[in-house]
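Residue-level structural notes
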Protein chains: 2
Amino acid sequence: MLEIYETKERVTADNDKAAAETRVKLKENKTFFVNLMASPGAGKTTLLKQTIAALKDKYRIGVMEADVDSAVDAAEIEKTGVRVIQLHSGGLCHMDADMTQRGLEKLDIEGLDLVFLENIGNLVCPAEFDVGAQMKAMILSVPEGDDKPLKYPLMFQVSNVVLVNKIDALPVFDFDKERFEKNVKTRNEKAPVIYLSALTGENVGAWTSYLEEAIENWRKNA
Amino acid sequence: MLEIYETKERVTADNDKAAAETRVKLKENKTFFVNLMASPGAGKTTLLKQTIAALKDKYRIGVMEADVDSAVDAAEIEKTGVRVIQLHSGGLCHMDADMTQRGLEKLDIEGLDLVFLENIGNLVCPAEFDVGAQMKAMILSVPEGDDKPLKYPLMFQVSNVVLVNKIDALPVFDFDKERFEKNVKTRNEKAPVIYLSALTGENVGAWTSYLEEAIENWRKNA
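Residues numbered from 1 in each chain as written. Chains lettered and ligands numbered in written order. Predicted model: local features only at pLDDT ≥ 70, side-chain atom pairs only at ≥ 80, totals over all residues. Heavy atoms only, no water.

1. A word on the overall build of chain A
In plain terms, the rule: Under the scheme used here, helices are H or I runs from DSSP no shorter than 4 residues and strands are E runs no shorter than 2 residues, and both carry numbers assigned from the N terminus. Residue contacts follow a heavy-atom distance rule, with two residues in contact if any of their heavy atoms lie within 4.5 Å. To measure how exposed things are, a 1.4 Å probe is used in the Shrake-Rupley method; for residues, cover is taken only from the protein chains shown. Positive: Lys, Arg. Negative: Asp, Glu. His and the chain ends are not part of the count. Think of each charge as sitting on NZ of Lys, CZ of Arg, CG of Asp or CD of Glu.
Scanning chain A for helices and strands turns up eight helices and eight strands. Considered along the principal axes of its C-alpha atoms, chain A spans approximately 60 × 40 × 40 Å. Relative to all contacts within chain A whose residues are 6 or more apart in sequence, the contacts with residues 24 or more apart total 75%. Just so you have it, chain A exposes about 8,900 Å², and 49% of that area is on carbon and sulfur atoms. Taken as two groups, the 28 positive and 36 negative side-chain charges of chain A have centres that lie 3 Å from each other.

If you want it as structure tokens, here you go:
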């Protein structure tokens, strides 16, 4: 006996105005802004460190580390030498456009070419809030399973690119690439799927090339 | 340069009344209610299936599968033969006491000894909402990393027991049990940590024994 019982629709916050303001400021500054989203432990910080290592000679990079609590990730990113601030969401499961705007002011984007927001570890809430980024990148790690697009539809739907991390662990998990890509397609026909290992560095170049191309295209049109 | 920038405190919903009502009904029915929480892909459904297999001859079991979308998990649980319903949160990242109350009515706890809520895959929001359960059990899977108590403090703080799943994957991940337990202790001095593999069944008995004991103790005092 299987029943479907629908509960109330989420009342989505209107944060479009703040997101639009952020986009204007980014354009004026020629700063490309990436909203990086994933589950807890999917490898956001590790991939960010790899990305910084690959691109820091080409771009002046800034990072906003958002967390419910702690400054563990910011301390890690600080070691790379880029400009970094820690944002605390005060218990919230996402960053909204207003908090992000204040974060960007604190970070000071003046002179930065590329800014990352490492969002709160969560596959639900961050997907609902446009923070004004030019790119929404999500990470799904192999141990989380290939069925996640079915269960967290919005995250896959809104992402411009889907990064599958921890491919070094593929041999020990039942993760079927074909099934995963089929599931992604049901939510998002456009987003490319890039498989990589932030730990070993395998195929991280495919992601950083994708990002570079997006930045250059945006600059041409901005 | 590392700065800490605090954003607004979450306005917590007042759902204590509904949770208290649920507790009264559960007591009248002698139904023990477990709120199972974890990240996406931590192994909630797989562990639930193992738990049902171990306890279904002893207790009459019911399950509420909460998801943002899809009925993948409910279909899996249905195969075990227990009473199951699928709840959709309509985009919300957690179940609150009101939704849970309506779910329990739909499920119909009459004649059930043990009910599980498989909460939305999320380490943030579900921790904030008392749904009226007698036990809050959380799962943290090995690939997520041993630093998670630092980053998701409330979840560890409110849980009665911490289940560490996917120990079969310990050889391929840098997960230090000692460091993890130390991190858990900073948030919660009481909650026992139980290591298991829902996939292979290893040490699942430690969890089901813990649960049985909690149920019997509750019945004695209820």
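After that view of the structure, there is still more to cover.
2. Quick notes on the relation of the copies chain A and chain B
Here is the rule: All copies are superposed by least squares; the fitting set is the C-alpha atoms of residues with a pLDDT of at least 70 in both.
Superposition of chain A onto chain B requires a rotation of 180° combined with a translation of 0.0 Å along the rotation axis, giving an RMSD of 0.0 Å. Read as a symmetry element, the transformation amounts to a two-fold axis. Identified as the residue of chain A closest to the rotation axis by C-alpha distance is Asn122 of chain A, at 3.1 Å.

3. Observations concerning the interface of chain A and chain B
Selection criterion: Take a side-chain nitrogen of Lys or Arg and a carboxyl oxygen of Asp or Glu: if they are within 4 Å of each other, that pair is a salt bridge. For this analysis, a polar contact is any N or O atom pair within 3.5 Å, provided that within protein one partner can donate a hydrogen and the other can accept it, and provided that sequence-adjacent residues contribute only side-chain to side-chain pairs. Following the grouping adopted for this structure description, the nonpolar residues are Ala, Val, Leu, Ile, Met, Phe, Trp, Tyr, Cys and Pro, the charged ones are Asp, Glu, Lys and Arg, and the polar ones are all others, Gly among them.
Between chain A and chain B, the residue contacts involve 56 residues of the former and 56 residues of the latter. The interface formed by chain A and chain B includes two salt bridges. Viewed at the interface, chain B and chain A are joined by seven residue pairs in polar contact (both at pLDDT 80 or more). Broken down by secondary-structure element, the contributors of at least two residues to the side of chain A that touches chain B are strand E1 (4-6), helix H3 (72-78), strand E4 (83-88), helix H4 (97-107) and helix H5 (148-151) of chain A. Ranked by residues supplied to the side of chain A that touches chain B, first place goes to E4 of chain A with six residues. Residue composition of the side of chain A that touches chain B, grouped by class: 26 nonpolar, 12 polar and 18 charged.

4. Points about the side chain of Asp113 of chain B
On the secondary structure map, Asp113 of chain B appears in the loop between helix H4 (97-107) and strand E5 (114-118). What Asp113 of chain B contacts, discounting residues up to four positions off in sequence, is Lys30, Thr31, Phe32, Lys58, Tyr59, Arg60 and Arg219 of chain B.

5. Examining the environment of Gly62 of chain B
Residue and element names in this part refer to chain B. Here Gly62 lies in strand E3 (residues 61-67). In the structure, Gly62 is positioned 144 residues away from Ala206 in sequence and 21 Å away in space, judged by C-alpha atoms. With near-sequence residues (within four places) excluded, Gly62 lies in contact with Arg83, Leu107, Leu112, Leu114, Val115 and Phe116.

6. Focus on the packing of helix H2 (residues 44-55) of chain A against helix H8 (residues 204-221) of chain A
In a pair of packed helices, the angle between the axes and the distance between the axes together describe the arrangement. Residues and elements named next belong to chain A. So the rule is basically this: Axis lines are fitted to C-alpha atoms, over the contacting stretch for helices. Their N-to-C directions set the angle, which ranges from 0 to 180 degrees. Two helices cross in a left-handed way if the nearer one is turned anticlockwise from the farther one by less than a right angle. They cross in a right-handed way if the turn is clockwise.
Orientation of H2 relative to H8, taken along the N-to-C sense of each, is 65°, at an axis distance of 10 Å. For the element pair H2 and H8, the recorded crossing hand is right-handed. Across the interface between the two elements, Leu47, Gln50, Thr51, Ala54 and Leu55 from H2 touch Val204, Trp207, Thr208, Leu211 and Glu212 from H8.

7. So, the state of the cysteines
Residue and element names in this part refer to chain A. Let me state the cut-off plainly: The criterion for a disulfide is a pair of cysteine sulfur atoms lying within 2.5 Å. Residue exposure (1.4 Å probe, protein chains only): buried if accessible area is under 20% of the type maximum, exposed if over 50%, otherwise partly exposed.
Under the definition given, this model contains two disulfides over all chains. Between the sulfur atoms of Cys93 and its disulfide partner Cys125 the distance amounts to 2.2 Å. Looking along the S-S bond of the Cys93-Cys125 disulfide, the torsion reads about -105°, which is the left-handed sense. On the criterion of sequence distance, the pair formed by Cys93 in the loop between E4 and H4 and Cys125 in the loop between strand E5 (114-118) and strand E6 (135-141) is long-range, its members being 32 residues apart. Exposure class is identical for Cys93 and Cys125. Each is buried.

8. Focus: the packing of aromatic side chains
Stated precisely, the cut-off is as follows: Two aromatic rings, drawn from Phe, Tyr or Trp (for Trp, its six-membered ring), form a pair once their centres lie within 6.5 Å of each other, and the interplanar angle then sorts them: stacked below 30 degrees, edge-to-face above 60, tilted otherwise.
Applying the stated rule across the entire model yields nine aromatic pairs over all chains. With centroids separated by 5.6 Å and ring planes inclined at 75°, the aromatic side chains of Phe32 of chain A and Trp218 of chain A adopt a geometry described as edge-to-face. Residue Phe32 of chain A is located in strand E2 (residues 32-38), and its partner Trp218 of chain A is located in helix H8; the two are separated by 186 residues in the primary sequence. Centroid distance Phe175 of chain B to Phe180 of chain B: 5.2 Å. Interplanar angle 45°. Geometry classified as tilted.

9. With respect to the pairing of E5 of chain B
Residue and element names in this part refer to chain B. Here is the rule we go by: Only strands that DSSP links by at least two bridges are regarded as paired with each other.
Most of E5 is tucked away: five of the five residues are buried. Burial along E5 is two-sided: Leu114, Phe116 and Glu118 facing one way and Val115 and Leu117 facing the other are all buried. Bridge analysis of E3 against E5 gives five bridges, and the strand direction is parallel. Within the sheet, the bridge partner assigned to Met64 lies in E5 and is Leu117.

10. Here's the deal with H4 of chain A
For H4 of chain A, the set of buried residues is Ala97, Met99, Thr100, Gln101, Gly103, Leu104 and Leu107 of chain A. Two residues or fewer past H4 of chain A, Asp108 of chain A is found with a positive phi of approximately 70°.

11. Considering helix H1 (residues 16-29) of chain B
Because an α-helix completes one turn every 3.6 residues, residues spaced three or four positions apart along the sequence face the same direction. Residues and elements named next belong to chain B. Quick note on the threshold: For a helix, the expected span equals 1.5 Å multiplied by the number of residues minus one. Here, the arc refers to the directions that run from the helix axis to the C-beta atoms.
Between the first and last C-alpha of H1 there are 20 Å, a value that for 14 residues agrees with the 20 Å anticipated at 1.5 Å per step. Looking only at H1, the buried set comprises Ala18, Ala19, Thr22 and Leu26. End-on view of H1: buried residues confined to an arc of 100°, all on one side of the axis. Relative to its buried face, H1 has exposed residues pointing more than 90 degrees away, namely Asp16, Lys17 and Glu28. Where H1 is buried, its residues touch strand E2 (32-38), H4 and helix H8 (204-221). Looking one or two places after H1, you find Lys30, whose phi comes out positive at around 55°.

Worth remembering: the numbers are spatial, not functional.
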